[in-house]
Every structure is written in C-alpha cells, then in structure tokens.
Amino acid sequence: MTTNGSAKRIRIKVGGIQLEAELKSTRTAEELYQALPAEGPLNVWGEEFYFKIPGVKDHRETATTQVKVGDVAFWGAGQVLAIFFGRTPMSMGADPVPADRVNVVGRVVGDAATLRQAMNASTIRVERIEQGSSIG
C-alpha cells in the first residue's frame, strides 16, 4: 500500500501527554510502523524517553549520534525506540546526545518539550495513525 507521498504518522502517549510524529521513508521506519502498536515500561535518560520494541530490524540508514530535540530514533542494538525532548546526560550544549549511534526514523510534530510533563509516567504507548482515519 502506498501513501501517495504523505508520510506515515504515529501517536506517542505518555502519562497525560499525547504527541504525533511523522516517520521518514526508510526501511527501519517502515519496520517500526509495522510493529505498532507497542506499549511498555517507560525508561528515562535525561530528557529522552525510550522503551523496547522487539522485532524491528534496524537497517542503520542514518546511524548517527547527531540528534535534535524532537527526533524519534531507533537503537537496533537494544531494540529500543527513543524520543528526544531535551538534554541527555551526555549533552554538552542544548542538543540531546544519544548514548550510542541511533537511526533517526522520524520527528515529533509540534513541541516535543511537552514530554517533560510526563517524566513520572510509568508506561509509554506508540501506535499507528491510519491514513485517512478521523481523530478519535
């Protein structure tokens, strides 16, 4: 199924916060999309949320340690999806720095910093936003 050039979107739910992210057109992003919905215990590392999503193959199209606030990345070695919304313990400046090279698979739409309000949440859920579906 093609999406006629429109990017696939996912919904991220943490605590009372709900954000959308737009996925890149990469094989890893597609594998992630197919693995959804996924829910798990929320891990926090500085201002990064991450959780395990097994069964996603990391094709490492963009293996990098250069990420920005709002990036959504997959770390294949740990089978982990990470959402960056601020500084991490390895940050030298304002940008987050992942602990290892990650594959950036998408970007939060809107203000990722709102995730700071969910720092005490215990679980995270990521689900597909079906193309053409109404919000509900």
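## Description of the pattern of salt bridges
Inspection of the entire model under this criterion finds eleven salt bridges. Taking the shortest distance from any N to any O, the salt bridge between E30 and K8 comes out at 2.7 Å. Of this pair, E30 sits in helix α1 (residues 27-35) while K8 sits in the segment before β1 (9-14), placing them 22 residues apart in sequence. Judged by its relative accessible area of 31%, E30 is partly exposed. The class of K8 is buried, set by a relative accessible area of 17%.

## Comments concerning the packing of aromatic side chains
In total, this model carries one aromatic pair according to the counting rule given. If you follow K8 out to its NZ or CZ, it ends over the ring of Y33, 5.3 Å from the centre. One Lys or Arg, R128, reaches over the ring of Y33 and ends 5.2 Å from the middle of that ring.

## Brief notes about the side chain of E48
Assignment of secondary structure puts E48 in strand β5 (residues 48-52). No salt bridge is formed by the buried E48; its nearest oppositely charged neighbour, R87, is found at 12 Å. Once residues lying within four places of it in the same chain are set aside, the contact partners of E48 are N43, A82, I83, F84, F85 and T88.

Basis of the calculations
Residues numbered from 1 in each chain as written. Predicted model: local features only at pLDDT ≥ 70, side-chain atom pairs only at ≥ 80, totals over all residues. Heavy atoms only, no water. Salt bridge = Lys/Arg side-chain N within 4 Å of Asp/Glu carboxyl O. Helix = DSSP H or I, 4+ residues; strand = E, 2+ residues; numbered from the N terminus. Buried < 20%, exposed > 50% of the residue type's maximum accessible area, 1.4 Å probe, protein only. Phe/Tyr/Trp six-rings, centres within 6.5 Å; stacked < 30°, edge-to-face > 60°. Lys NZ or Arg CZ within 6 Å of the ring centre and 35° of its normal. Lys, Arg positive; Asp, Glu negative; His and termini not counted. Contact = heavy atoms within 4.5 Å.

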